[in-house]
Amino acid sequence: MNKVMKNTLIAIKDLYAKTGDVDILKGVNLSINKGEIHAIMGPNGSGKSTLSKVIAGHPAYNITSGHIFLDNEDISDINPEDRSKAGIFLAFQYPVEIPGVTNIDFLRIAYNSKQEYLGLKSLDPLEFLEFISKKLDTIGMHSSFLSRNVNEGFSGGEKKRNEILQMAILEPMFSILDETDSGLDIDALKNVANNINLLKSPDSAILLITHYQRLLDYVKPDYIHIMSEGKIIKTGDYSLALELEKNGYDLLISN
């Protein structure tokens, strides 16, 4: 198996995937370097969310050919739990509620699970409270979030901010934010975007999946990719988002 370039954090090579009998990804190629933010845009049904789930290892999707490399290691065949512990993070478009499980318990278990996988020290409840309090200060969230059940009764903006908190705690190598801007008003959008920019690191990378330019006004990607019919058909810089805003997908895809 060919290795990828040293600075490449995520490399997707000729990836085909299906769910049931339906082929969705049809030869995706994508390379993202450490320190970069990329965005994937495209019309409904183009395969954007499927790509995010396939990278994360969702069991409903099967890779039929191709490979996914994370930091030069082939993760195509490992389970989603180990992909997460190795550094893959997926923020969902529609975060689920988990009644009866508080945020702080959920986050501590997730954090310690990753620490143990990496052979690092776990934190007891008091140590974790000190650790997470600093993260809350960094991203401007109130400590009341910790005692609330995961996403239960949260507004759309609170759910998305809670996903960003998880990202801040787990410090993943590669974060996929699937339509994080969906359903947010302008203030919530600015808050989420500011925190994405804060969490950017030279040793990690971020993939934004979005329909609209408005998130990209606040989080400037290094590259924008357009998906159509299960593959990436065009790559460019921020000006590509402006072209989409002006002309729509139909004109761009037909060219």
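Per an unreviewed UniProt entry, the protein chain carries the name ABC transporter subunit and comes from Porphyridium purpureum.

Time to look at the sheet that holds strand β5 (residues 73-74). Pairing in this open sheet of four strands is antiparallel, and the strands run β2-β1-β4-β5 from one edge to the other. Each edge of the sheet is formed by a strand with only one pairing partner; in this case those strands are β2 (22-33) and β5.

This part covers the side chain of Ser175. Turning to its location among the elements, Ser175 is positioned in strand β9 (residues 174-178). Leaving out residues up to four positions away in the same chain, Ser175 has contacts with Phe89, Met167, Ala205, Ile206 and Leu207.

Our focus in this paragraph is the pairing of strand β4 (residues 62-70). With seven bridges connecting them, strand β1 (residues 8-19) and β4 associate as antiparallel partners. Considered in β4, the bridge of Ala17 is made with Ile63. Bridge analysis of β4 against β5 gives two bridges, and the strand direction is antiparallel. Looking across to β5, one finds that Leu70 is bridged to Glu73. Between β4 and β5, which pair antiparallel one after the other, the connecting turn spans two residues, and Asp71 there sits at a positive phi close to 50 degrees.

So, on to the side chain of Gln166. Looking at the secondary structure, you find Gln166 in helix α6 (residues 156-170). Under the relative-accessibility criterion, Gln166 is labelled buried at 10%. Residues in contact with Gln166, not counting those within four places in the same chain, are Phe89, Phe106 and Leu107.

In this section: helix α3 (residues 103-117). Spanning 15 residues, α3 covers 21 Å between terminal C-alpha atoms, matching the ideal 21 Å at 1.5 Å per step. Residues Asn103, Leu107, Tyr111, Asn112, Lys114 and Gln115 constitute the buried set of α3. An end-on view of α3 places all buried positions within 160 degrees of arc, on one side of the element. Facing away from the buried side of α3, by more than 90 degrees, are the exposed residues Ile109 and Glu116. Where α3 is buried, its residues touch α2 (80-86), β7 (98-102), α4 (125-139), α5 (144-147), β8 (149-150) and α6. Once α3 finishes, Gly119 follows within two positions and takes phi at roughly 75 degrees, a positive value.

Scoring rules and cut-offs
- Residues numbered from 1 in each chain as written.
- Predicted model: local features only at pLDDT ≥ 70, side-chain atom pairs only at ≥ 80, totals over all residues.
- Heavy atoms only, no water.
- Pairing = 2+ DSSP bridges.
- Helix = DSSP H or I, 4+ residues; strand = E, 2+ residues; numbered from the N terminus.
- Contact = heavy atoms within 4.5 Å.
- Buried < 20%, exposed > 50% of the residue type's maximum accessible area, 1.4 Å probe, protein only.
- Expected span 1.5 Å × (residues − 1).
- Arc of directions from axis to C-beta.

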